[in-house]
Amino acid sequence: MARLILIWAVIVVAVAVPIAAAALSPLLAWRDPLYILAGFAGIVALGIMLFQPVLIGGYLPGLPARIGRRVHLWTGAVLVAAVVIHVAGLWITSPPDMIDALLFTSPTPFSPFGVIAMWAILAVAVLAVLRRRLGLRPRTWFLVHRLLAIVIVVGTVVHGLLIEGTMETVSKVALCALVVAATVKVMADLWMWRKRRTVHERTDIGASSA
Amino acid sequence: MSTILLNRRTLIAAGGAVLVTGTSGLLLPARADDFAPTASMPGGANNYRAGAPTVDRIGKGGFWMSGTVRRAGDGAPLAGQRIQIWAHTTEGREQDPQSHGATLTDKNGAFRLEMPQIVPVFGQPHGHLAYDSGEFKTVFLRPVMGSAKDTSLEAHFVLQPA
């Protein structure tokens, strides 16, 4: 019971505190509502990135991987929506700055990381929707998704860390560290589970043929 | 074996570089290259509004934008040059007309314009400056503040004939 509460508490606090801290940022006083919305959409997207690996790994007590996988699809859709709001809102706020970012000609070092992460997120979303129609084998799909997930997490974390914006530094770094840790953990676990399953299958085949 | 070679090679290259730069610096202390024309910075022209009025101060002030304007080659200070300045400040967004203003350089080629405090926008606390008067080639600068708490920022122009 204590462990259950602890895990949920850590994850909820890790996502809620950065959002609350950003809501107290003095910079908000000098921003339009649309710019504020676009910024928060980015923070929410980073927060969802903590839930994504945790859901897949089934690390949340009460949410086993079997259910978590389904929730992961919906939170993934919310992530896509957040990214679209983030980019569209910033585009309307200052078109030349967003166009520079999308064309990789921006002076800000964090922009290309964000844009690459955006394309990787959209690629995962498109593949998730079309993979059956495209005849993508599950194994290929999982491999591609995992590679893109690494691009998404690294891109987003670097993007977020380099930005001087409304996010408070300590809570931002903590959330980024947890996102990376959760991603590494689920990748390692998935690799281990698959390896174990392969070994089991091999043993089963060996046993039945004997 | 290859490591040793690489180390030696690096050492020779580094030593050579020091020698070349060291001696050339000693032999030619003030070369024309020291005043190479300033290139426009990426994003420098973002939210530019042509023809910003020449003002004594932008808005209520409190922040100082300063710099110099020199001629490419000999570095002679250029007096009476119009520099346009804009930024996202406590009093307005980059694209708002009230965020824009222009000033002229003095006889030493220096300019200084008071403006509202710049606040970070699009991830960096930065300002924009433009030379766009036609006599020299247009240059757009986008200096970044070392800290968002800074109350001044500098930008320097070396202009070449249009």
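Before reading on, note that the structure itself is shown above.
Structure report, in brief. (Residues numbered from 1 in each chain as written. Chains lettered and ligands numbered in written order. Predicted model: local features only at pLDDT ≥ 70, side-chain atom pairs only at ≥ 80, totals over all residues.)

**Brief notes about the sheet that holds strand S2 (residues 82–87) of chain B**
Either a parallel or an antiparallel arrangement is found when strands of a sheet pair, and the pairing is made through backbone hydrogen bonds.
Residue and element names in this part refer to chain B.
So, point 1. Taken in spatial order, the four strands line up as S3-S2-S5-S6 in an open sheet, and their pairing is antiparallel. Each end of this open sheet is capped by a strand with a single partner; those strands are strand S3 (100–104) and strand S6 (139–141). Ignoring which end each strand starts from, the neighbouring axes of this sheet average 20° apart.
So, point 2. Direction of pairing for strand S5 (residues 127–131) relative to S6: antiparallel, over a ladder of three bridges. By the bridge assignment for S6, Leu 129 is matched with Leu 141. (Pairing = 2+ DSSP bridges. Helix = DSSP H or I, 4+ residues; strand = E, 2+ residues; numbered from the N terminus. Axes fitted to C-alpha atoms, helices over the stretch in contact; angles between N-to-C directions.)

**Quick look at the interface of chain B and chain A**
So, point 1. Across the contact, 15 residues belong to chain B and 14 residues belong to chain A.
So, point 2. Across the side of chain B that touches chain A, the residue classes tally to seven nonpolar, six polar and two charged. (Contact = placed C-beta atoms within 7 Å. Nonpolar A, V, L, I, M, F, W, Y, C, P; charged D, E, K, R; others polar.)

**Focus: the packing of helix H2 (residues 33–57) of chain A against helix H3 (residues 65–93) of chain A**
All names here are of chain A.
So, point 1. Running from amino to carboxyl end, H2 crosses H3 at an angle of 160°, the nearest separation of the two axes being 8 Å. By the angle between their directions, the pair H2 and H3 is classed as roughly antiparallel. Along this stretch, H2 crosses H3, giving a crossing that reads as left-handed.
So, point 2. For the contact of H2 with H3, the residue count by class is 20 nonpolar, 10 polar and one charged. (Parallel < 35°, antiparallel > 145°, perpendicular 65-115°, else oblique. Left-handed = near helix turned anticlockwise from the far one by under 90°.)

**What to know about the sheet that holds strand S7 (residues 152–159) of chain B**
Residues and elements named next belong to chain B.
So, point 1. The three strands are arranged S4-S1-S7 in an open sheet whose pairing can be described as mixed. The open sheet has two edge strands with one neighbour each: strand S4 (110–115) and S7. Recorded for the sheet is a direction-independent mean angle of 20° between the axes of neighbouring strands.
So, point 2. With eight bridges connecting them, strand S1 (residues 63–71) and S7 associate as parallel partners. Opposite Arg 70, over in S7, you have Val 158 as the bridge partner.

**Looking at the environment of Val 157 of chain A**
All names here are of chain A.
So, point 1. Take Val 157: it is sitting in helix H6 (residues 138–162).
So, point 2. By the C-beta count within 10 Å, which is 22 here, Val 157 ends up buried.
So, point 3. Distance in space between the C-alpha atoms of Val 157 and Phe 113 is 8.5 Å, their sequence separation being 44 residues.
So, point 4. What Val 157 contacts, discounting residues up to four positions off in sequence, is Cys 176, Val 179 and Val 180. (Buried ≥ 20, exposed ≤ 12 C-beta atoms within 10 Å, placed from the backbone.)

**With respect to the environment of Val 71 of chain A**
All names here are of chain A.
So, point 1. Along the polypeptide, Val 71 turns up in helix H3.
So, point 2. Spatially, the C-alpha atom of Val 71 lies 26 Å from that of Ala 88, the residues being 17 residues apart in sequence.
So, point 3. Discounting chain neighbours no more than four positions away, the residues touching Val 71 are Leu 55 and Leu 63.

Shape is all these values report; function is a separate question.
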